[in-house]
Amino acid sequence: MTQLEDPRALRVEAVRVPQSGLVTEARAASVVWQREMIRFGKDRARILSSLAQPLLFLFVLGSGLGSLLSSAGGRSGGVALPTFLFPGVLAISVLFTAAFSGISIVWDREFGFLREMLVAPVSTTSILVGKAVGGATVATLQCVLLLALAGLVGVPYDPLMFLELLCLIFLMAFMICALGLMLAARLKQVQTAMPMVQLIITPLMFLSGALFPLGNLPTWLTILTHVNPMTYAVEPLRHVVFDRLDVSAADRARFDPGISWGSFAVPTWLEIVLTVVFSVLLLGLAVTRFRRTD
Amino acid sequence: MDAPAVEVRGLTKRYGEVEAVRGIDLEVARGETFGFLGPNGAGKSTTINILCTLVEPTGGTAAVAGLDVVADRAAVRRRIGLVFQEPTLDGPMSGEQNLRFHGELYGVDRRTAAARREEVLRTVGLWERRADPVSTYSGGMRRRLEIARGLLHSPQVLFLDEPTIGLDPQTRASIWNYLARLGEAEEIALASGATGRGVTVFVTTHYMDEAENCDRIAIMNEGRIVALDTPEALKAQVGADRVVVGTDDDEAALVVIRREFGLEAAVHEGAVTVSVPKGAEFVPRLFAALTADGVGVRSVAVTRPSLDDVFLAHTGTTLRDAEASRGPSMHPMAMRMRGR
């Protein structure tokens, strides 16, 4: 039997729990974030396995389809397919990593730890913000490995471009993580999480313009891409990369046409604003749903 | 400051057609170890969840540490420690990391947090294992860590919902040994004139033997409190203790008992058996009377009614039967299997 200490020891230190306030809320969010970092550091297999899919898209799909295009007499102009795909593949990597991070809260529920977090005297918002910022950090860190490969697909190593990309990736990852949390709010079992990815996350990828330019699409596809929040997070990435590529105006218009609502060409800043708005909305929805269930 | 640790008035909780709690009144003093007993499905967990601000009552009021559980939810949460029926630890994190997480979540003062972590870890005997992932801990160690965590932010009331469920008897005993020592710590503090930073322990269980460790217990059945008192008093209410005396001359002993105490004793299996309300207090007087009459006493035994007898007396059924009739689906383990 374990030796118990003198119970008097328990009374030496008086610890007071302070009133609620911004500081307490920030500490709660921060420790939730730290836990995500601890878990990320312990899960090397996840880091490596999550790299496999983007690499396949970039090099296998990129090279395979690229040779098909050129043998069919299609002109890929001054832009090789892997180069075109690079920002899209970054987005796909973020999409799956961040969505997984968000949905992983189902595991916390399954193992009971979610309860420890939700019964604490802090707001659900702080917990979920910590979780979403944690997931976004993990997704961004994983993207650093992909960004290092830029040179292999003809994207120049421009420090400012990398900085812009990292900021955009972080924002997008936060939005997707909030989406994952919102989806996971009502899930009680881990088994139901996987169909969720197939049903919602995969369509988001195909309908975001990550794998093809958004110009000259059939109307139904244009509508679907325009209602997809992911679209507005992907487009700025491509914009930033194409700004650094040496391509003709015609090629740029073909490969990076941007988003147009009818005749209105949506500027990049508005796309970023929309991503922020979606992030806040999705997180707000997630908070409401978590409050209702627990 | 002197508000009771827990104060409940006319509390009810209804889930659709089901009345889980049907109007209960309860008061728990500071520093008390209070046991909440009853079969599964009696309404214990619902009541404790209301007190922990996790469930809102349908009617009546409940206050913890003088604060209303509905109106002052956050303030109540800061003053209570929780140990749930089901585990709520993070397996990949170490024991100390789990505590650190909790301290940050509860906004515990960083200057004292490390010392406090050491203190609670040592108290539950987990200091040596603090750096190991919780996934490597045994069931009993996890429970002890959860108790340590529940105490980390110095709560006024520590709520434990079936803390020993699913544990082996030896581990159950060690958990109770520890909980009992929390009570001792309280007495020491009060005796030394320390400010009454009292840990009140509010614990539910459906093991009657465990309830013996509590200062007072309430027995709940079908949403109502059917008995509330100290374990001793409850058992005394149920009935008499049985005093069994082995004497040199049983016939003479029967006469003495009738003459001196007006009680009808009987000889069972070669010993004089008599029923009295307080057996322990009766024995010295019985000795004196028998010795005065020259009847030699060879042995004595006092058998007390158990809390199972108490439960039977108040509900007309034994605890085991009460659980069996509810069926296996009400068992928390089964609930968990269904993915509750």
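Treat the numbers as computed from the prediction; the structure is a model and nothing was measured. (Residues numbered from 1 in each chain as written. Chains lettered and ligands numbered in written order. Predicted model: local features only at pLDDT ≥ 70, side-chain atom pairs only at ≥ 80, totals over all residues. Heavy atoms only, no water.)

Before going further, it helps to spend a moment on the side chain of B:Arg116. Within the secondary structure layout, B:Arg116 lies in helix H4 (residues 110-123). Separated by 3.5 Å, the side chains of B:Arg116 and B:Ser154 make a polar contact. (Helix = DSSP H or I, 4+ residues; strand = E, 2+ residues; numbered from the N terminus. Polar contact = N/O pair within 3.5 Å; in protein donor to acceptor, adjacent residues only side chain to side chain.)

One finds A:Met172, B:Val6, B:Val64, B:Leu105, B:Phe159 and B:Phe202 to be the most contacted residues of the largest nonpolar core, which totals 119 residues. By residue number, the principal contributor to this core is helix H7 (residues 159-184) of chain A, which donates 17 residues. Sequence-distant contacts of B:Phe159, that is, excluding residues within four places in its chain, are made with B:Val6, B:Ile48, B:Leu51, B:Cys52, B:Val64, B:Ile80, B:Gly81, B:Leu82, B:Val83 and B:Phe202. (Core = buried A, V, L, I, M, F, W, Y, C linked by side-chain atoms within 4.5 Å. Buried < 20%, exposed > 50% of the residue type's maximum accessible area, 1.4 Å probe, protein only. Contact = heavy atoms within 4.5 Å.)

We now examine unusual backbone geometry. All names here are of chain B. Even without being a glycine, Thr 53 presents a positive backbone phi close to 70 degrees. Secondary-structure assignment places Thr 53 in the loop between helix H1 (44-51) and strand E4 (59-64). At Glu 162, a residue that is not glycine, the phi angle is positive and equals roughly 50 degrees.

Atomic detail in the predicted coordinates should be set aside for any region of low pLDDT. Residue and element names in this part refer to chain B. Taken as a whole, chain B shows an average pLDDT of 83; of its residues, 87% reach a score of 70 or greater. No element of chain B has a lower mean pLDDT than helix H13 (residues 332-337), at 40, and none a higher one than helix H3 (residues 95-105), at 95. This model gives residues 188-196 a pLDDT under 50, and the stretch forms five contacts once residues within four places in sequence are excluded. Low pLDDT, under 50, characterises residues 327-340; the stretch is placed with 17 contacts to residues that sit more than four places away or in other chains. Taken over the whole predicted complex, pTM reads 0.81, whereas the ipTM for its chain interfaces reads 0.83. (pLDDT = per-residue confidence, 0-100.)

Once that is clear, we can look at the domain arrangement of chain B. Split by domain assignment, chain B resolves into domain 1 (6-235) and domain 2 (240-303). The C-alpha-based centres of domain 1 of chain B and domain 2 of chain B are spaced at 43 Å. (Domains from an automatic or database assignment.)

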